[in-house]
Amino acid sequence: MMRFTLNDGNTIPAIGFGVFMIPGDGPTYDAVLAALKAGYRHIDTAAAYFNEEDVGRAIRDSGIPREEIFVTSKLWLQDHGYEQAKVGIARSLRKLDIGYIDLYLIHQPYGDVPGAWKAMEEAKAEGKLKSIGVSNMSPAIWKKFVPGFETKPAVNQVEFNPLYQEKEIRALMVETNTLLEAWYPLGHGDASLLSNPTIQALVDKYGKNAGQIILRFEVQDGVITLPKSTNPERIRTNLDIFDFELTGDEMNKIRAMDTGKGSHDPDAPGVEQMLRGAFVIED
Ligand code: A2P
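Residues numbered from 1 in each chain as written. Predicted model: local features only at pLDDT ≥ 70, side-chain atom pairs only at ≥ 80, totals over all residues. Heavy atoms only, no water.

**Q** Explain the site of the ligand here, please?
**A** Not every one of the 16 residues close to the ligand is listed here, only the nearest: Leu186, His188, Ser229, Thr230 and Arg234. The separation between an oxygen atom of the ligand and a polar side-chain atom of arginine 234 is 2.6 Å. Relative to its unbound accessible surface of 570 Å², the ligand loses 80% to contact with the protein. For the shell around the ligand, the per-class residue count stands at 5 nonpolar, 9 polar and 2 charged. (Near = heavy atom within 4 Å. Polar contact = N/O pair within 3.5 Å; in protein donor to acceptor, adjacent residues only side chain to side chain. Areas by Shrake-Rupley, 256 points an atom, 1.4 Å probe, with all protein chains shown as cover. Nonpolar A, V, L, I, M, F, W, Y, C, P; charged D, E, K, R; others polar.)

Have a look at this one:
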């Protein structure tokens, strides 16, 4: 598996297996074990996915050495602020029960983000979190918070796919050497993306499926990608993108597919309130 180097010197597998929306009472355990068996070594969860325990149990039971698996989790909004973030970090560590967390993110960038970040910096210094980053930061939110951070985020995990290439935030992230992690990297199965003629021409040329072409574009463009699939064949083949390379011209053709629009706008009025009211994470 190809790895990228983060701005703190740690490395991260270019493709991760996301467990958003997979129930935490068994299905996540099975899915993570299946993903590890298929060759994934990077699992992306969150406190707000309610399945950290299953992720941890699958990793412990996998027989794969802990240091060979990269695990991301995320702090939920209710735990923002310095003191409360310490509680949230401790809760994730306890639920996962895998010693340390490779990458921990501010899941939604509202409220007392600076306080939460300070607690994350301390947990990183103590070795509980190996790398720290943010998620869902728009350019406006980035400009509000990141200049005040002592440690620059290793990643910003945002919605990204060929139709929504986040060019403005990427330009800001270059300054801090922050990598982009893509959620909805396949446009959440958007048919207009998968059947796009530019993608389909490359399907024919390389003998890969549309998802593989898109994931190859993303990784080749320096993006860490988190494709989701419940189909065992696609879970496996979505990793099989390292035996071909898109030409510079092909990369530019896909870059030209950007519409500048996605499904989630972190700056939209009411988003913070909607997320805050969504649920409560319990110990
Ligand atoms: P399935 O679960 O049947 O594989 P995203 O990661 O952007 O949220 O997209 C997930 C969607 O993309 C799911 O509907 C998934 O369906 C589909 N998908 C996953 N891998 C591929 C692939 N290689 N080609 C086409 N569709 C895919």
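**Q** Sorry if this is basic, but what is going on with the pairing of strand E5 (residues 70–75) here?
**A** A regular strand carries its side chains on alternate faces of the sheet. The element E5 is largely enclosed, with a buried count of 6 among its 6 residues. Side chains Phe70, Thr72 and Lys74 project from E5 onto one buried face, and the interleaved Val71, Ser73 and Leu75 project onto a second face that is buried too. Here strand E4 (residues 42–44) runs beside E5; their pairing, made up of 3 bridges, is parallel. Within the sheet, the bridge partner assigned to aspartate 44 lies in E5 and is threonine 72. As paired elements, E5 and strand E6 (residues 101–106) share 4 bridges and run parallel to each other. Bridging from a neighbouring strand, leucine 75 pairs with isoleucine 106 of E6. In the classification by handedness, the crossover that spans E5, the intervening helix H3 (residues 82–96) and the parallel E6 is right-handed. (Buried < 20%, exposed > 50% of the residue type's maximum accessible area, 1.4 Å probe, protein only. Helix = DSSP H or I, 4+ residues; strand = E, 2+ residues; numbered from the N terminus. Pairing = 2+ DSSP bridges. Right-handed = clockwise from strand over helix to strand, strands pointing away.)

**Q** Explanation requested: the layout of surface pockets in the structure shown.
**A** Over the atoms rolls a probe the size of a water molecule, and in doing so it shows where empty space is left. The computed volume of the largest pocket comes to approximately 820 Å³. Along its surface, the largest pocket is lined by 35 residues, and Phe20, Trp183, Tyr184, His188 and Lys228 are the ones closest to its centre. Sorting the residues of the lining of the largest pocket by element identifies helix H9 (210–220) and helix H12 (271–276) as the ones contributing at least two each. Counted by class, the lining of the largest pocket contains 17 nonpolar, 15 polar and 3 charged residues. Taken as a whole, the second largest pocket holds about 220 Å³ of empty space. As for the second largest pocket, its lining consists of 19 residues, and the residues nearest its centre are Ser138, Pro139, Tyr164, Glu166 and Pro266. If you list the elements that add at least two residues to the lining of the second largest pocket, you get strand E8 (155–159) and helix H6 (167–176). At 3 residues, the largest contribution of residues to the lining of the second largest pocket is made by H6. Of the residues in the lining of the second largest pocket, the class split is 7 nonpolar, 5 polar and 7 charged. (1 Å grid on protein atoms, 1.4 Å probe; cavity = no way out; pocket = protein on both sides within 12 Å on 5 of 7 lines; lining within 4 Å. Points joined across faces, edges and corners; volume = space filled by probe spheres on them.)

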